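Examination of the molecular architecture
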Amino acid sequence: MKPIAGNGRVAIVAECASDAAMLLAAERAGGGEISVICLRDEGRQGRAALDRAFAEASGRGCRMAGPPRIVNDERRTGVAELLKELRALRPQRILMPDPDPTHRDWDTDLGSPVYDEPPERAAAALLTLQAAREYQLESSTPLFVDCMRTAAAPAAFSPRYPAVTGWLTEGFGGRLTAFLASAAGVLRWTQSGQHGTAWDGPELLPGPRLMPGLRVVRDVSGLAHLFALRRTARKDGGEDIEIVHAAQYRTGHPLTPWHSLGSPNAGDAYKSRETGFPAAGFDALGGLVVFTRNFGHSVSYREQRPDGVWTPWRHLSGVRVADELVTITTHKGEIDLLARARDSDGVVRWHRSGYDGEWIEDRAVPFEPRPGTMAAGPEPGTVVFRDLRTGEPCLWQVGSTAPVPLGGSGGEGPLTGVRGVEVDGWGYSLLVSSDGAGTCAVGAFLEGRPDGGVWWNSLAGKATYGVAVVRDRTGMVTVAAVSGEAELSVANPESRTGGLEFGPWHSV
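Residues numbered from 1 in each chain as written. Predicted model: local features only at pLDDT ≥ 70, side-chain atom pairs only at ≥ 80, totals over all residues. Heavy atoms only, no water.

With that out of the way, let us pick up the sheet that holds strand E26 (residues 382–386). Pairing in this open sheet of four strands is antiparallel, and the strands run E25-E26-E27-E28 from one edge to the other. Either end of the sheet is taken by a strand with one partner, and the two such strands are strand E25 (375–376) and strand E28 (404–405). Note: strand E27 (residues 393–397) against E28, two bridges, orientation antiparallel. Counterpart to Leu-395 in the pairing with E28 is Val-404. (Pairing = 2+ DSSP bridges. Helix = DSSP H or I, 4+ residues; strand = E, 2+ residues; numbered from the N terminus.)

Right under this line is the structure:
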């Protein structure tokens, strides 16, 4: 198959060399040519740490673009100085610290949270986000941002905005749409005609000042709903973070206005900034449930029932969770929530029966996922993930006593999939993942029988910014990936009448 365009340029931006070294340690092999920008010169100790990280990254196959660049960190000129560096480097992706770190404790005397991280780290991240947004707007080129938590375990190197898998969707007319978060907002690619290889985009959709994360969920009618985090200024000089929601009712047409859902800790200068990344799901009746991690590291939810009325934010009791929540739809059409625990390697599940049923917490979920890899499976009531210790893809069905290993080569990031793929009269479920070098892999198993074995095939080329798959109403399967050059590429099966061999990638 024709390779996807190259690995692209990556810029690591951090407050100092020590922070840059931690971020560089989290960067995988083959991720592109890497440059480092620091907002201040940390001195000999920081440079030594970064030199060691350079050597280790080179051993993993990463390509370094030279020594770190040091910019003026004065807040009056910091954005301008960073912007100069971005213009010179022209990155397609920026790797940076979390702009809104989670607290470790609460100081009752001061009435404020206590953090393990220095305040300069988050300040540098916010400065970088501003510069990245300005650079993308002036250059009119896509720029993706990964914000990584760099605190101690259990949150070490976990993403602030989890990788999502549902960003490729089908509209009423059969045309596909791809939505991705970027430094300056939501990017959209739109298929020009059903099953065609011509696409329009990327188009930067107008909207508010969003953080670089996006969740795309389809409702029972197949319409795409977008969920994100928005930063808003406070009158006292601080900033709040709230969850916002918009929908696309017609392919290629404007989104609805972004509607604020608030947050579980709205109005608090400290607590709202730690609002977790939302997860959402529609049940069989058309009801919508939105979940998020709150300041206390438990789960809060808000729902819109089929009559259109929104409930206030409510809280689920139970164990503390990490910022990794996944919704699945059961065979009954109800929404379950799975969340990775904050203080252990396990997963907790909440479920209920009917709108008036009480949420039940299940701590006996029999698997431990690698952070950042959980996603809804291709069939009702299933979740896919990578095993914490082996990295092997696995599938778990609600009610099963153990997950099913899916085989395949090593990889990273979440899997995704679709069901109902017909081949020679048999129904298959399809899985798509990215291996350790960023290559897209497609696996297939008989629908409902993952334990019968999965057949994996590699789609040659680099998929460095996630993969997605959709099966449209005619049965056509489309796999999409974003290359390091920030180009969207799609691939389809070579035969529309059966078979799981995919044709060449088409860059759009």
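Take the sheet that holds strand E19 (residues 299–304) next. With antiparallel pairing, the four strands of this open sheet are ordered in space as E17-E18-E19-E20. The strands lining the two open edges of the sheet, one partner per strand, are strand E17 (279–282) and strand E20 (314–316). Across the sheet, the mean angle from the axis of one strand to that of its neighbour is 30 degrees, orientation sign disregarded. Relative to E19, strand E18 (residues 288–293) runs antiparallel, the two being bridged by six bridges. Note on E19: the bridge partner recorded for Val-290 is Arg-302. (Axes fitted to C-alpha atoms, helices over the stretch in contact; angles between N-to-C directions.)

Residue position: Arg-349 is located in strand E23 (residues 347–351). Aside from chain neighbours lying at most four places away, what touches Arg-349 is Asp-336, Leu-337, Leu-338, Ile-360, Glu-361, Asp-362, Val-365, Trp-396 and Val-398. (Contact = heavy atoms within 4.5 Å.)

For the rest of this paragraph, the subject is helix H3 (residues 78–89). In a regular helix each residue adds 1.5 Å, so twelve residues correspond to 16 Å; H3 covers 17 Å between its end C-alpha atoms and thus fits that length. What H3 keeps buried is the set Gly-78, Val-79, Leu-82, Leu-83, Glu-85, Leu-86 and Leu-89. Down the axis of H3, the buried side of the element spans an arc of 165 degrees, and every buried residue falls inside it. Along its buried surface, H3 packs onto strand E1 (9–14), strand E2 (33–38), strand E4 (69–70), strand E5 (93–97) and helix H4 (119–139). Residue Arg-90 follows H3 closely and has a positive phi angle near 50 degrees. (Expected span 1.5 Å × (residues − 1). Buried < 20%, exposed > 50% of the residue type's maximum accessible area, 1.4 Å probe, protein only. Arc of directions from axis to C-beta.)

Now for the state of the cysteines. A covalent bond between the sulfur atoms of two cysteines is referred to as a disulfide. For the coordinates displayed, the defined rule picks out zero disulfides. Of all cysteine sulfurs, the one in Cys-38 lies closest to Cys-16, which takes part in no disulfide; the gap is 6.9 Å. Judged by relative accessible area, which is 5%, Cys-16 ranks as buried. (Disulfide = S-S within 2.5 Å.)

Let us look at unusual backbone geometry. With the exception of glycine, most residues fall at negative phi, and the peptide bonds are largely trans. Looking along the chain, the bond that leaves Gly-201 and enters Pro-202 is cis, with omega of 5 degrees. Structurally, the position occupied by Pro-202 is in strand E12 (residues 199–204). Look at Ser-140: it is not a glycine, yet its phi comes out positive at around 60 degrees. The phi angle at Asp-424 is positive, at roughly 55 degrees, despite the residue not being glycine. Relative to the elements of secondary structure, Asp-424 occurs in the loop between strand E29 (411–423) and strand E30 (426–435).

Two side chains with opposite charge may pair up if their charged atoms get near one another. Scanning the entire structure with this criterion turns up 36 salt bridges. Salt-bridge contacts for Asp-98 lead to Arg-160; the nearest nitrogen and oxygen are separated by 3.5 Å. You can see Asp-98 sitting in the loop between E5 and strand E6 (105–107) and its partner Arg-160 sitting in the loop between strand E8 (144–148) and strand E9 (168–170), a full 62 residues away along the chain. With respect to burial, Asp-98 and Arg-160 carry one shared label: buried. With a shortest N-O distance of 2.8 Å, Arg-473 and Glu-170 are connected by a salt bridge. Of this pair, Arg-473 sits in the loop between strand E33 (467–471) and strand E34 (477–482) while Glu-170 sits in strand E9; the two residues are 303 residues apart in sequence, bridging distant segments of the chain. For Glu-170, a relative accessible area of 5% puts it in the buried group. Each of Asp-98, Arg-149, Arg-160, Arg-293 and Asp-323 takes part in one network of salt bridges that share partners. (Salt bridge = Lys/Arg side-chain N within 4 Å of Asp/Glu carboxyl O.)

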